[in-house]
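The primary structure of each chain is shown beneath.
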Amino acid sequence: MTSKSYPSGTAAIKAEFLISLEPRAVIDDDSAENATNHVNGGHRGNREDEDERSGPPPEKRQKLSKEEKKKRSGANKGRRFGKMRDELELCWKVAVGNTCEFGDECRFTHDIDGYLAQKPRDIVFPLSVDSLPVPGVSTDECTVVSEDSTIASGLPPSINSSAICPVFSEKGECRHGLKCRFLGAHVKKSDSGSVELVRDDEKVAQRKIESSEVNFLPPNVLKQLRSKKCPQPITEAYLKELQASEGGKKAQHNEDATTFTEAELADGDAQKDTPDVPVRFSEKKRLNWKGLTYLAPLTTVGNLETPVGLATSFLQGSKEEWSLVRRHPSERTFGVQLAGSKPGTLTATAETIAREFGPQGVDFVDVNCGCPIDLVFRGGSGSALLDTPGKLSKILVGMNKALGEIPLTVKLRTGVKEGRNTAHKLMPRLASTTGIGAMTLHGRTRQQRYTKLADWDYIRECVDEVRAREAEENLAPMPIFGGGDCFSSQGYWESIEQGGVDGVMVGRGALIKPWIFTEIKERREWDISARERLELARKVRPHCLFFPAHFGSDTAGVNTTRRYLCESLSFTHRYVPIGLLEVLPAKLNDRPPAFRGRDELETLLSSPDSRDWVRISEMFLGKVPEGWSFTPKHKSNSYGAEEGQG
C-alpha cells in the first residue's frame with residue numbers, strides 16, 4: 001500500500017504495521033482546553049442540560065450563589081483528583097520521630113509496628129530501563145521484596161533496603177519519615193530492635209548552603225495579599241499617571257484594590273485605542289535569544305517548566321498559584337507567563353514578583369495575549385487583548401515599570417477572527433512604544449484555535465513590519481519567535497527560514513515527543529526505540545524522581561506523581577515512530593490509522609487506552625493502589641472510576 005491510498009490528513013503507516021485503515025479518533029486539543037466537565041463528556045452547557053433533565057423543575061430549583069457558580073465553571077472542572085491515603089494513617093509527628101502532644105487522643109495511630117505491617121511495600125525505582133518489567137509480566141515484580149534480605153536485615157517485610165528515596169538523596173533527610181514509600185533508603189534497625197530513621201547530617205548542612213527550589217513566597221506576604229495590604233507603590237504611581245494622562249478621568253481601584261472598576265471597563269474607555277504613554281526603558285536588560293530553543297508555557301504537564309498563572313489568583317494570595325513560580329536549579333532560563341485583562345492587576349502582580357524574587361529568581365515575565373479559551377476570552381484576557389491595543393499598551397508599560405531589570409515579553413496570535421489578521425499592525429506598535437524585550441507570534445487566529453495550518457508567510461510579514469519600524473526609529477532589534485505546527489527538526493529549520501524569525505516556540509510538539517529539542521540541536525530525525533523512550537522518561541523527564549521530591553514521597557505524593565506521569569503519556573502516546581512511516585517528516589495534525597509497533601513495548605507506548613498508561617506508570621512507581629483512578633484531559637477514557645484521583 002502506498003501513501004497515495006490514504007485520505008488527506010492521515011499519517012501514512014507502512015503496510016506491515018497496519019491493523020486497520022480506519023484512522024484513530026480525533027484528539028481535539030481545542031475541546032480539551034475548553035471543556036469543563038469531561039466526566040459528562042461536554043462543556044458547561046452539557047452539565048446544565050444534565051441538571052435540568054435530572055433535577056427539579058426550574059421554578060423550584062435553588063439559585064446558585066456566585067461562589068458556587070465559580071466552582072462549577074472553568075476548564076476541566078469535571079476531573080477531580082482526590083488524594084490517596086494510607087489505609088492505616090500514622091501520626092505525622094510519630095512518623096518523623098517526634099512526640100505527639102495529643103497522646104492517646106490523637107486521631108491517627110501511634111502504633112509503628114502495626115503501621116509498617118500493613119504499609120505497602122517500598123517502591124524500588126529501576127536503575128536502568130533493562131530492569132523494567134516488560135509487557136505481559138506482572139508489574140508486581142518491580143517492587144517485590146526479597147524475603148531473605150528482609151530476614152537478614154531484621155526489618156519489616158514492607159521495607160526494602162534497595163529503595164532509593166529522591167527526597168533523602170537530594171536533602172539528606174526525608175520529611176515524610178516512616179510514611180515514605182521509599183523508606184528502605186533512610187531507615188535502620190536500632191540496638192533496641194525498633195525501626196530508626198537515618199539522617200545524613202553532611203548533606204543537610206550542604207543543602208542549607210545550596211538550596212534546591214527557589215522562589216518561595218514568604219507566609220507574611222501571602223497574608224498581606226489576602227488581606228489586600230501588600231504595598232504596591234509602583235502600581236499606585238502608575239495608575240495616577242494613567243489618570244493624569246486621560247485628562248483627569250478617575251482611575252481608582254476596584255474591590256481587588258489593584259485595578260480599574262468594572263464600570264470603567266464596561267464604559268469601553270479603558271479599552272479604547274487611546275495614545276500610548278510615552279516611555280523608554282534603556283536600563284532594561286536586553287534578551288539575546290537568537291539560536292535558542294523555546295518551550296511554550298504549558299498548563300497541562302508544565303507546572304514545573306515555564307508556568308502560566310492568573311494575575312488575579314496571584315493577588316488573592318493563592319498558594320497553588322504562587323507554587324507555579326518555584327524554580328528548580330536545573331532550569332537555566334526561567335520565565336513566568338501571566339494572564340489578565342486589566343493594567344492595575346497585571347502591574348501589581350509584576351511588582352510583587354519583581355520585589356520578592358528579583359532577576360535572580362525570574363529571567364523574564366511574559367504576557368499571554370494568545371489564549372483562545374472561551375472562559376479566558378470572555379473575561380477580556382488572552383487573545384481578547386488583541387482587539388484592545390490601547391489597553392494592552394497600558395498593561396505592558398505598567399508591567400515594565402514594575403519589573404525593573406526583569407525583561408517583559410509578550411505572546412500573540414495573528415488576530416481574533418479568521419481572515420482578519422491584525423498582528424502586522426499591533427506588533428510594530430508594541431515594539432516601538434512599550435519597552436518589551438521579545439515577542440512570540442502563533443501563526444493562527446483565536447477563531448482557528450489549533451485547527452488549520454499555521455500561516456508562516458504571514459509571520460514573515462509581521463517580522464518585516466517590526467524590523468522596518470526598528471530601522472526607522474533606530475531601535476535595537478528584539479528577538480521574535482514564531483509558533484505553530486513544529487513537530488520535527490526539518491519543520492523547525494524550515495519555519496525559521498520561511499518566517500524570518502529568530503527561533504520557534506515549541507508547544508504540543510514537545511509534549512508529544514519531548515526529544516524534539518535533541519532533534520533540533522543535532523538537525524536530524526531520531527527514530528527513537530521504545531526502550532530509549534522509557535530510558536528518557538527514567539533519566540530526563542522529572543515525573544519519576546523529581547516529582548516525588550516535589551509533591552512528597554508518601555502515598556499521596558507518589559500517586560500525584562503517577563497522575564502527572566499518566567497526563568504526560570496522554571500526549572506521548574500520539575507519537576508515531578518514524579520507522580513506521582512511509583513519508584517523512586511526520587506532521588503534527590496527521591491522524592494515524594490503527595497500527596502495531598515493532599515490538600510489544602512500542603505498541604504499548606502507542607496505546608490510546610489510559611489503562612495502558614497506568615500500566616506504564618506501574619513500571620516506575622509500583623502497583624496502583626486499590627481505588628485509584630485517572631481521567632485524561634483530552635478524553636473521558638478514564639481508568640478506574642468516573643472521576644480521576646491523584
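Computed from a prediction, not measured in an experiment: that's the story for all the values here.

(A) Spatial organisation of the pairing of strand β8 (residues 408-413). Where burial is concerned, most of β8 is hidden: six out of the six residues are buried. Residues of β8 alternate between two faces, with Leu408, Val410 and Leu412 on one and Thr409, Lys411 and Arg413 on the opposite face, all of them buried. Note: strand β7 (residues 364-369) against β8, five bridges, orientation parallel. Bridged to Asn368 within β8 is Lys411. Note: β8 against strand β9 (residues 438-442), five bridges, orientation parallel. Looking at the pairing, Arg413 lines up with His442 of β9.

(B) Region of the structure containing the environment of Phe125. Mapped onto the elements, Phe125 comes out in the loop between α5 (112-118) and α6 (147-153). Considered as a pair, Phe125 and Leu621 are 496 residues apart in the sequence and their alpha carbons are 7.0 Å apart.

(C) Quick look at the pattern of salt bridges. Applying the stated criterion to the full structure yields 24 salt bridges. One salt bridge connects Glu196 with Lys188, and the closest N-O pair in it is separated by 3.8 Å. A relative accessible area of 32% places Glu196 in the partly exposed class. In this structure, the salt-bridge partner of Glu470 is Arg467, at a minimum N-O distance of 3.0 Å. In this pair, Glu470 and Arg467 are both assigned in helix α18 (residues 456-472), three residues apart and thus about one turn of the helix distant.

(D) Summary view of the packing of aromatic side chains. In total, this model carries twelve aromatic pairs according to the counting rule given. Relative to Tyr294, the ring of Trp289 has its centre 5.4 Å away and its plane inclined at 70 degrees; by these criteria the two rings are edge-to-face. Per residue, the accessibility class of Trp289 equals that of Tyr294, and both read buried. Each ring, one from Trp515 and one from Tyr575, has its centre 4.9 Å from the other, and the planes form 90 degrees; the classification is edge-to-face. Here Tyr575 lies in the loop between α24 (555-572) and β12 (593-595) and Trp515 lies in the loop between α20 (508-512) and α21 (516-522), a separation of 60 residues in the sequence. Here Trp515 matches Tyr575 in class, with each residue buried.

So, how was this worked out
Residues numbered from 1 in each chain as written. Predicted model: local features only at pLDDT ≥ 70, side-chain atom pairs only at ≥ 80, totals over all residues. Heavy atoms only, no water. Buried < 20%, exposed > 50% of the residue type's maximum accessible area, 1.4 Å probe, protein only. Helix = DSSP H or I, 4+ residues; strand = E, 2+ residues; numbered from the N terminus. Pairing = 2+ DSSP bridges. Salt bridge = Lys/Arg side-chain N within 4 Å of Asp/Glu carboxyl O. Phe/Tyr/Trp six-rings, centres within 6.5 Å; stacked < 30°, edge-to-face > 60°.

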